[in-house]
Amino acid sequence: MNWRRLLGLLCAVMLLLSAVPVMAEDPIRIGWIGSLTGDSAVFGVNESSMIKMLVEETNAAGGILGRQVELFTYDTKGDANEAINATRRIIAQDKVCAILGPNASGQCIAIASVLEQMKVADISTVATNPKVTLNYDEATGEFTTVKPYNFRICFTDPYQGAIAAGFAFDELKATKAAIFYDVSDDYSSGLTQFFEQVFADKGGEIVAKEAFKSEDVEFKAQLTNILAANPDVLFLPCYYKQAALIAKQARELGITAVLLGGDGWPSDQLFVMAKEALQGAYFVNHLDVNDPAFAELKTKFETKYNIPLDLNGFMAHDAYLTLVAAIEKAGTDDSQAIADALTEITVQGLTGTIKLSKDDHNPIGKEGSITKIAGDGYEFVMKYGLGQ
Amino acid sequence: MSWYYIEGILIQCGYVLMVVLGLSLLTGFAGLFSFGHAGFMAIGAYMAAIGTAKWGLPFFPALLMGGAAAGVVGAGLGSMTLNLKGDYFCIATLGFGEAVRLILENWEYVGGARGVSGIPWETNLNSVLIACVVGTLALMALIRSRHGRNIIAIREDELAAQMSGINTFRYKMIALIISAVYAGIGGGLLAHYMTYIQPKMFQMVKSTEYTIIVIFGGMGSVTGSIIGTLILTFLPEMLRSLDNWRLVIYGLAVIFIMVIRPRGLMGGMELSDIFRLPARRRAARMAAERIKSMEDAGAGKEAQR
Amino acid sequence: MINGLSLGSVYALMAVGYSLVYSIMNFSNFAHGGVIMVGAYIGYFAMTAANLPFWLAFVLCGVGAGLLAVLLELLVYTPLRNRNAPFLYYIISAMGASIFLENFVIATIGPTYRTYPQVFSTEPFRLGALSLSRIDLMIIAVAAVGLVALVIIIDKTKIGLGIRASSFSIKASQLMGVNVNVTIFIVFLLGGILAGFAGMLFGMKYTVYPTIGAITTKSFVAAVFGGLGSLPGAIIGSVLLGVIEVLVSGYLSSNFRDLIAFVILIGILIVKPTGLMGKTSEDKA
């Protein structure tokens, strides 16, 4: 083929693909961005499916402010630069009034400057790094001001790490803890840092700290060291794939310590992969599994999409509820008005009462739900906040 | 398409182009294959980011510092590995790129896996444009100089180049260092566009993406690198509405272009070769011969074994 | 040690595929990870959706992965070979193929982690003070049998003779009457079958997911470690790498395990550029 003709063809295809469909009415436009491909696709697919389902429901019920909702979803491949591009596109071209997602802290931090420039709010689902909503001064090592357009509905790494450490020391009466964390993952490193701090402050001892990398599947060498340290609890701040594999291998080696995890754990796959090994393990969760709304939503979602509903789906659910409430409060789809309204509303979500603080744009006083794995399901143990 | 969106993609093209230009010199002109350029980028990005965010340096000196740091590390890597041949050099760079990322992940001063944040937002269309224009002109000047011809001679036939008195090690080293500096500056631009960097951003996949661009645009062509960067950065954005199918198409496109037109889009020609009409046929023939000799060299080695 | 051996055996099954292809075609087949991943999925669906017994699923996944590898060679590499393209182009095409396979699976089957049904009891197998898990034994056994069979094919059969001849020089062996196309075809088939086995065993021991191919970077390192293009080298390199990894994270530092693996890689290249069992450096120009 003549190469110039090929080039021409390519250009034509591009133009065609970039053509924007023309909208008949004037719906309220909202956006979601996150990973639909790449390593963390499993989480992003869950979020986007949930929001698609909710938007359909909202529209069937008459929409928001009497207007239909139109949803735009874009893949970020788990890449920060892709997230910036997607944000620029979704704001400038699709003219959304607010964005939900993305499902990782790195991407949320990277899009902050675009959000500020365009004055559009982003509500993150599971971005737990403190730097997502606060500006950080690397020179002094201190948090300075709040980022005006970044919000989140989940608790942060320091908070969750502290909850896990507090629960381990106060409730499980553990004095010796081991940590096995993912050194290549920012979420895992974050939890580790704060767990270590709080547990030591309370008077406990970290007897072993071992590391692995996200793509690892073989953990026995590190676990052998942990076995030798003989801890009371083994803290596993990671996602469910590793948690399940580690639990299995730990039990095979004869580690009897209580396993403790964070909000990366909850997933049906956890049971498929390592039900036996995880019996009696605890993790910090965002929602109370006894809530009947939990089961109802789960059944609805799973019948519709035929994929298991993970925690990301629940968080996306609540982020969407928060956004809808903010749009209703603002009474308009003006993006600045919505950003202002976000800190003024209180929403009863599945993961607790959501009230976003004006000072740091984090949910105020959201307690962790300590959940135990027992039999085929979760057992709600207690609400555990930092006040206790 | 809205201008704001296009502007974003163009800025991305800008810093990608800096890395690709460097890689183009190394791969396209010197014939050395690298899987470790994400490592040089990471060094440049971290150095520049630490400069502005931690030490309070202005953007421009920090950027140069990042480039310089990458160049120094490149010299170190080169002195150890440039004696390796073909695939083995490429594998050593792969190991280097991964090693850089692993060190950053374990280094608390630069935030470990959590990265560096609070980097001032300095990279805009103007700054990448200036960097790219300067970068392109400098590269063109180098290639057209005596040194550039020596570098190309190494790609054509290293043994012959050596016999005609070219210090091949030295010229390979020059190509590697310049290439690393370009990648470092590209990394610095990236850091000041993202305002946040973490080791995850510099995985091996990035190195391969840039190599794909160089080959896609055509080895030994600066114009090809520029066009390749533009197309391969815009293409995934154009396909954005396809959600998770878009990388499937990207993968197919790469295979397709390799099978249909393995010399890449420009196939060793520059834009000026095409527009200089009277000389055009001669230039095209020369370019074709250049590629032919390359392929014959490959086949020749085959026969020698 | 046993953990290291079992990890090393999985690496070996993958690394042999790299080495086989490299020895003849002189390029690193980065699409190998995609083949391994597809093999793991074939095994998974054969056992869950089609409810086939283990051994049948195992055969099926070997055959499926082998065919996929051959298909790649026919559709992607043959056109390149016909025009004598430099090795860079093969590598880029292989990468394109790997991007394609990975994302095709994400788009069609979905990114969810999947777990094989249990075939072997988790009850460890005790041998004196040693306790071995059954799946580890299985992996080591399959790797040993598969690799020995491969060595026999290459050393004792006529096809093997063709493969060995082609790895010295494709042109010369063509002149001597070796059908190079068939030889290359068989090389991809053999590499693919072993990759399929590796994928399925890996999936059974751990889990199955679309980016499973990423671990092939390690088996690639192992292949280089032992000397690209040398089969015994690939096997020894893999087992060594597996054992080194386990020992480093057990006794030194788990944070720096991979770093040490890569430092060893670069170190070996500098000291002995052709790997432990590699051919002399002249013919690698």
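Residues numbered from 1 in each chain as written. Chains lettered and ligands numbered in written order. Predicted model: local features only at pLDDT ≥ 70, side-chain atom pairs only at ≥ 80, totals over all residues.

Draft legend 1. Quick look at the overall build of chain A. Helices and strands together make up the secondary structure of chain A, namely twelve helices and 16 strands. For the C-alpha atoms alone, the extent of chain A along its principal axes is close to 65 × 60 × 50 Å. Burial statistics for chain A: of 388 residues in total, 57% are counted as buried. The long-range share in chain A, meaning contacts at least 24 apart out of those at least 6 apart in sequence, stands at 71%. (Helix = DSSP H or I, 4+ residues; strand = E, 2+ residues; numbered from the N terminus. Buried ≥ 20, exposed ≤ 12 C-beta atoms within 10 Å, placed from the backbone. Contact = placed C-beta atoms within 7 Å.)

Draft legend 2. Structural context of the packing of helix H11 (residues 246-260) of chain B against helix H3 (residues 54-82) of chain C. Where H11(B) contacts H3(C), the two axes come as close as 9 Å, and the packing angle between them is 25°. With respect to their mutual orientation, H11(B) and H3(C) come out roughly parallel. Here H11(B) and H3(C) pass one another in a crossing that is left-handed. Of the residues in H3(C), those in contact with Ile255(B), Met258(B) and Val259(B) of H11(B) are Val76(C), Pro79(C) and Leu80(C). Looking at the contact of H11(B) with H3(C), its residues break down into six nonpolar, no polar and no charged. (Axes fitted to C-alpha atoms, helices over the stretch in contact; angles between N-to-C directions. Parallel < 35°, antiparallel > 145°, perpendicular 65-115°, else oblique. Left-handed = near helix turned anticlockwise from the far one by under 90°. Nonpolar A, V, L, I, M, F, W, Y, C, P; charged D, E, K, R; others polar.)

Draft legend 3. Main features of the interface of chain C and chain A. Counting from both sides, the interface comprises 23 residues of chain C and, opposite them, 25 residues of chain A. When residues of the side of chain C that touches chain A are traced back to their parent elements, those giving at least two are helix H1 (2-25), helix H4 (87-108) and helix H10 (231-252) of chain C. Class assignment of the residues belonging to the side of chain C that touches chain A gives a composition of nine nonpolar, 13 polar and one charged.

Draft legend 4. Molecular detail of helix H2 (residues 32-48) of chain C. If you check H2(C), its first and last C-alpha atoms are 25 Å apart, about what 17 residues at 1.5 Å a residue would give, namely 24 Å. Among the 17 residues that make up H2(C), 15 are buried, leaving the element largely enclosed by the rest of the structure. (Expected span 1.5 Å × (residues − 1).)

Draft legend 5. Expanded view of the interface of chain B and chain C. With 41 residues of chain B at the contact, the number on the chain C side is 42 residues. When residues of the side of chain B that touches chain C are traced back to their parent elements, those giving at least two are helix H3 (59-81), helix H4 (86-105), helix H9 (204-217), H11 and helix H13 (277-304) of chain B. Taken together, the residues of the side of chain B that touches chain C break down into 25 nonpolar, nine polar and seven charged.

Draft legend 6. Broad picture of the sheet that holds strand E7 (residues 150-152) of chain A. All names here are of chain A. Here five strands make up an open sheet; going across it, the order is E2-E1-E3-E4-E7 and the pairing parallel. Two strands in the sheet have a free side with no partner beyond their single neighbour: strand E2 (69-75) and E7. For this sheet, the mean angle separating the axes of adjacent strands, direction not counted, is 25°. Relative to E2, strand E1 (residues 28-34) runs parallel, the two sharing seven bridges. Along E2, the bridge assignment pairs Ile-30 with Leu-71. Contacting E1, E2 and strand E3 (98-100), helix H3 (residues 80-92) runs over the sheet at an angle of about 175° to E1. (Pairing = 2+ DSSP bridges.)

Draft legend 7. Structural view of the nonpolar core. Counting residues in each nonpolar core, the largest one holds 330 residues, and the members touching the most others are Leu234(A), Tyr46(B), Ala175(B) and Val16(C). The leading source of residues in this core is helix H8 (residues 168-194) of chain B, at 16 residues. Apart from residues lying up to four places away in sequence, Leu234(A) is in contact with Ala178(A), Phe180(A), Ile226(A), Ala250(A), Ile255(A), Ala257(A), Leu259(A) and Leu260(A). (Core = buried A, V, L, I, M, F, W, Y, C linked by C-beta atoms within 7 Å.)

Draft legend 8. Quick peek at the confidence of the model for chain C. Residues and elements named next belong to chain C. Considering every residue of chain C, the mean pLDDT works out to 81; 91% of them sit at 70 or more. Here residues 280-285 scores under 50 on pLDDT; set against residues more than four positions off or in separate chains, the count is twelve contacts. Note on the complex model: pTM 0.85, ipTM 0.82. (pLDDT = per-residue confidence, 0-100.)

Draft legend 9. Looking closely at the domain arrangement of chain A. Residues and elements named next belong to chain A. Once the domains are mapped, chain A shows domain 1 (26-155 + 294-355) and domain 2 (157-285 + 368-384). Placing the centre of domain 1 and that of domain 2 at their C-alpha centroids yields a distance of 28 Å. By residue class, the composition of the side of domain 1 that touches domain 2 is four nonpolar, four polar and two charged. (Domains from an automatic or database assignment.)

Draft legend 10. View of the pairing of E2(A). Most of E2(A) is tucked away, with five of its seven residues classed as buried. Of the crossover connections in this fold, the one passing from E1(A) over helix H2 (residues 41-60) of chain A to the parallel E2(A) is right-handed. (Right-handed = clockwise from strand over helix to strand, strands pointing away.)

Draft legend 11. Layout of the packing of H2(C) against H4(C). Residue and element names in this part refer to chain C. Orientation of H2 relative to H4, taken along the N-to-C sense of each, is 25°, at an axis distance of 8 Å. By the angle between their directions, the pair H2 and H4 is classed as roughly parallel. Where H2 abuts H4, its residues Gly-33, Gly-34, Met-37, Val-38 and Tyr-41 lie against Ala-97, Ser-98, Leu-101, Glu-102 and Val-105.

Draft legend 12. Broad picture of helix H5 (residues 125-144) of chain B. Here H5(B) spans 28 Å end to end across 20 residues, near enough to the 28 Å set by a 1.5 Å rise per residue. Those residues of H5(B) that are buried lie in contact with helix H1 (3-29), H8 and helix H10 (222-238) of chain B.

Draft legend 13. The arrangement of the sheet that holds strand E15 (residues 368-374) of chain A in detail. All names here are of chain A. Taken in spatial order, the seven strands line up as E9-E8-E10-E11-E12-E15-E16 in an open sheet, and their pairing is mixed. In the strand order of this sheet, the two ends are held by strand E9 (205-212) and strand E16 (377-384), each with one partner. Sheet twist, expressed as the mean angle between neighbouring strand axes with direction ignored, is 25°. Two strands pair when backbone bridges link them, and strand E8 (residues 176-182) and strand E10 (residues 233-236) are joined in this way by three bridges, in the parallel orientation. For Ala-177, the partnering residue across the bridge sits in E10 and is Val-233. Along the sheet, helix H6 (residues 186-201) makes contact with E8, E9 and E10, crossing E8 at roughly 165°. The strands that helix H8 (residues 240-253) touches are E8, E10 and strand E11 (258-261); relative to E10, the one it contacts most, it runs at about 155°.

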